[in-house]
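Structural features, examined
Spelled out from the first residue to the last, the chains are:
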Amino acid sequence: MLGLGIIKGLVETGRNFVGSYFKPERLVTIQYPEKHLPPVEAARTIPFLVYDGKDSMKGLRCTACTICETECPPKCIYIVKDTVKKPDYLGKMQNQPKVFDIDISVCMGCGICVEVCPFESIKMDQVFELSGSDRFGAMLLHKAQLVKSNDYFGEICHEQATQINAARADDVRKAEAKAKADADAKAKAAAVAVSNAAAGVAAVAASSMTATPGTTQPDSKPAPKAASTSTPLPAPSKPTVPSATP
Amino acid sequence: MIDSLDQIFVSLKHWLVGLTPEAWQPLVSILVSIVPIMALFGTCFAATTIFERKILGRAQNRLGPNRVRAFGVKTFGLLQPIADGIKMLTKEDIVPFAADKVVHFLAPVVLTTPAWMLFSVIPLGRNMAAIDLDAGILFFFAVGSASELAVFMAGWSSKNKYSLVGSMRAIAQMISYEVPLVLSTIPVLMLAGTLSPSQVVEAQGVGTGFFAHWFVFTPWGLSGFVVFLIAATAESNRSPFDLPEAESEIIAGFLTEYSGFKYALFFLGEYIGLFAVAGMAVTLFLGGWQAPCKALEFIPSYLWFFGKFAVLIVFFIWVRATLPRLRLDQLLALAWRFLVPLALINLVVAALWHFMGSWQFIAAMPVRWGICAMLVVLPFVWFARLLNGGKVAPRKYRYAE
Ligand code: SF4
Ligand code: SF4
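A quick note: this is a predicted structure, and the numbers were derived from the prediction, not measured.

1. With respect to empty space enclosed by the protein
Residues and elements named next belong to chain B. Scanning the model with the defined rule gives five cavities of 30 Å³ or more in all. As a volume, the largest cavity reaches approximately 290 Å³. As for the largest cavity, its lining consists of 22 residues, and the residues nearest its centre are L118, G144, S147, E235 and G273. At the level of secondary structure, the elements contributing two or more residues to the lining of the largest cavity comprise helix 5 (101–117), helix 6 (136–144), helix 7 (146–157), helix 8 (161–192) and helix 12 (260–285). If you tally residues by element for the lining of the largest cavity, the top one is helix 12, at five residues. For the lining of the largest cavity, the residue count by class is twelve nonpolar, seven polar and three charged.

Have a look at this one:
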């Protein structure tokens, strides 16, 4: 009959009204500035630049390759390459950005810059209290404001950071092994010039199993580097790709 | 003693007017009536805005506004109306470039002024109507319908499609619901035999019996009261009939282009209209300022009036917390296919009730009650069936080819 549903609804809201005074656990909202909800790992707001170690400028992972600048849909990243290079985590000399700006009033938080960065250098942050009284200047974040330590990244995205750290440690180990093998090979080559081919096999076997004997050292060099950039990439892309088709 | 407490405001007014020179007395008398009414219902408005938000919040398991502090002292949000008022007054008043400036300016005034005038005929207590008009109820509905004009002025002058759609909806809704609103009051006028609100209230008094004869305690009165309440909700554009302002569909309807103080005036006007129509519901069906039984008559009449009034307002808020918004076709169907027929049948029921009142035989009372109750309940069930088309099932959507 017409009206019964209305009465049921009235009873329900009436119960909520009385119940919310006696059972605080009924309240679905929290008192925001005083209390915060626990952070969600998949949450993302604006990007930040990751650095290793203590010094944010020395440990900066960014190599100023400008891929993110090119790919950013609203074009809110601005990069100027520095003329001096600095060593990266493998000790290789790399470019570094002199200027790295992100206009967060333009950034739409799509995370594409994170997807395309080959150096695990840019990641999505979870800060959201970003309001400022200046509409233009305060919303343009410079390099110094964008850098955050790898430890911080580990705090907000624990799983992903662990994976990346493991992969990078692996890289370092491989690079060391390779350097050692190279050094050994060189020593042997200098000592025994005749048994050239045998030393080459030993060096390659130490770095990669797939390499055929007879490959020379300069050719096998990029192999660990390619592995370091390609293996961790699928991991960050996973949460952003919706798994619609089972 | 009890009488003097009951009449304290009336005596106060007489005393105040008596203090002034004779030539001024008519003017002072008017002022002394108007100022308390405006102050009282203005305060009611402020209180309702905060309590409405509080109750809505609690009904949805939220806390509601609880932030406003005064000089560092926690007020549990009770000062929210003051904060809102300051905000409204200091906001920029934006008038669209293409708007009809004069009409755009006049619309809030045209809405608010008649809304205040409605209180002049409502008896707030024994001998406490500002003007005791003989045709007060007629005056009430005549002036009350001015709000339609204001809403349409607002929508039309804004030169905005949302405003126009909103005001068109408002016109369709308010004119449709005016019909059941007025029709549902007619039985009261028939049985009380007068158009004067004060005499309608007198007719519902305790009289010689023990219990008061509030009209809502009769079959036709109950039916009329329900129809009146539904129509009154629609008349004052409140949820679930808030289509003219439907935020999720047309931004703010006819209020879209209003800001600052003009918006506040609209807000005020709508609440004042709601108060007036709730006051009229109390007057017509809930016995006005009459106590429900002889034993409770020692409580002053104005307290009875405001008690009933507050209950009705809380009920309106409760309904708002509960019901979702209707679609426009549902809204009009409810008015024309449900409320109007019920109100028309109610006329017949009231007439029957009146004539059966003179029956003298044994068990005349139960027979009278039975027949009238049946005549109220059966059409209700029947029209409710028709309204649903006899079946309730998920809607089938047809898409354009
Ligand atoms: S999150 Fe998207 S919009 Fe923001 S900087 Fe990265 S690519 Fe640009
Ligand atoms: S893609 Fe990565 S490494 Fe390249 S400029 Fe952007 S943040 Fe730096």
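Once you've had a look at it, read on.
2. Some details on the environment of K262 of chain B
All names here are of chain B. Within the fold, K262 resides in helix 12. K262 sits 19 residues away from A281 along the chain, and the two C-alpha atoms are 29 Å apart. Every residue in contact with K262, bar those within four places of it in the chain, is listed here: D93, V95, H104, F105 and P108. Polar side-chain contacts of K262 include one of 3.4 Å to the side chain of D93.

3. Notes on the sheet that holds strand 2 (residues 77–81) of chain A
Residues and elements named next belong to chain A. What the three strands build is an open sheet, ordered 2-5-7; its pairing is antiparallel. Two strands in the sheet have a free side with no partner beyond their single neighbour: strand 2 and strand 7 (140–141). Pairing of strand 2 with strand 5 (residues 97–103) involves five bridges; the strand directions are antiparallel. Bridge pairing in strand 5 links I77 to I102.

4. Some remarks on the packing of aromatic side chains
Residue and element names in this part refer to chain B. Summed over all chains, the structure comprises 29 aromatic pairs over all chains. Taking the centre distance of 6.2 Å and the plane angle of 75° together, the rings of F45 and F267 count as edge-to-face. In this pair, F45 is assigned in helix 3 (residues 25–59) and F267 in helix 12, connecting sequence segments 222 residues apart. The buried category is assigned to F45, whose relative accessible area is 15%.

5. Things to note about the site of ligand 1
Around ligand 1, a shell composed of 14 residues is seen, among which C72, C107, C110, G111 and C113 of chain A lie nearest. In terms of residue class, the shell around ligand 1 is made up of twelve nonpolar, two polar and no charged.

6. Brief notes about the side chain of S120 of chain B
Counting through the fold element by element, S120 of chain B comes out in the loop between helix 5 and helix 6. Contact partners of S120 of chain B, with chain neighbours within four places excluded, come to A129, A130, I131 and F139 of chain B.

7. What about the interface of chain B and chain A?
Each partner contributes to the interface: chain B provides 20 residues, whereas chain A provides 19 residues. When the two sides are added together, the surface that chain B and chain A hide from each other amounts to roughly 1700 Å², 64% of it contributed by carbon and sulfur. On the chain B side of the contact with chain A, R58, N61 and R67 of chain B bury the most area, a combined 37% of that side's loss. Counting across the interface, chain B meets chain A through one salt bridge. We note a salt bridge from R67 of chain B to E34 of chain A, for which the minimum N-O separation is 3.0 Å. Remark: the boundary between chain B and chain A carries ten residue pairs in polar contact (both at pLDDT 80 or more).

8. Remarks on the layout of surface pockets
Over the atoms, a rolled probe matching the size of one water molecule traces out where space is still vacant. All names here are of chain B. Taken as a whole, the second largest pocket spans an internal volume of roughly 1000 Å³. Around the second largest pocket, the lining is made up of 39 residues, and of these T49, M88, Y263, F267 and Y271 lie nearest the centre. Taken together, the elements giving at least two residues each to the lining of the second largest pocket come down to helix 3, helix 4 (80–90) and helix 12. Looking at which element gives the most residues to the lining of the second largest pocket, the answer is helix 12, with eleven residues. Across the lining of the second largest pocket, the residue classes tally to 20 nonpolar, eight polar and eleven charged. Each of domain 1 (1–90) and domain 2 (96–328) gives at least three residues to the lining of the second largest pocket.

9. Concerning the side chain of D125 of chain A
Residues and elements named next belong to chain A. On the secondary structure map, D125 appears in the loop between strand 6 (122–124) and strand 7. Accessibility expressed as a relative area gives 2% for D125, which makes it buried. Reaching out from D125, the side chain makes a polar contact with the side chain of K148 at a distance of 2.5 Å.

10. Some thoughts on the packing of helix 1 (residues 4–22) of chain A against helix 13 (residues 301–322) of chain B
Remark: helix 1 of chain A packs on helix 13 of chain B, axes separated minimally by 9 Å, with the N-to-C direction vectors making an angle of 100°. As summarised for this structure, helix 1 of chain A and helix 13 of chain B are arranged roughly perpendicular, according to the angle between their axes. Contact residues: I6, G9, L10, T13 and G14 of chain A in helix 1 of chain A; F315, W318, V319, A321 and T322 of chain B in helix 13 of chain B. Broken down by class, the residue content of the contact of helix 1 of chain A with helix 13 of chain B amounts to six nonpolar, four polar and no charged.

What counts, and at which threshold
- Residues numbered from 1 in each chain as written.
- Chains lettered and ligands numbered in written order.
- Predicted model: local features only at pLDDT ≥ 70, side-chain atom pairs only at ≥ 80, totals over all residues.
- Heavy atoms only, no water.
- 1 Å grid on protein atoms, 1.4 Å probe; cavity = no way out; pocket = protein on both sides within 12 Å on 5 of 7 lines; lining within 4 Å.
- Points joined across faces, edges and corners; volume = space filled by probe spheres on them.
- Helix = DSSP H or I, 4+ residues; strand = E, 2+ residues; numbered from the N terminus.
- Nonpolar A, V, L, I, M, F, W, Y, C, P; charged D, E, K, R; others polar.
- Contact = heavy atoms within 4.5 Å.
- Polar contact = N/O pair within 3.5 Å; in protein donor to acceptor, adjacent residues only side chain to side chain.
- Pairing = 2+ DSSP bridges.
- Phe/Tyr/Trp six-rings, centres within 6.5 Å; stacked < 30°, edge-to-face > 60°.
- Buried < 20%, exposed > 50% of the residue type's maximum accessible area, 1.4 Å probe, protein only.
- Near = heavy atom within 4 Å.
- Buried area = accessible area lost by both parts, 1.4 Å probe.
- Salt bridge = Lys/Arg side-chain N within 4 Å of Asp/Glu carboxyl O.
- Domains from an automatic or database assignment.
- Axes fitted to C-alpha atoms, helices over the stretch in contact; angles between N-to-C directions.
- Parallel < 35°, antiparallel > 145°, perpendicular 65-115°, else oblique.

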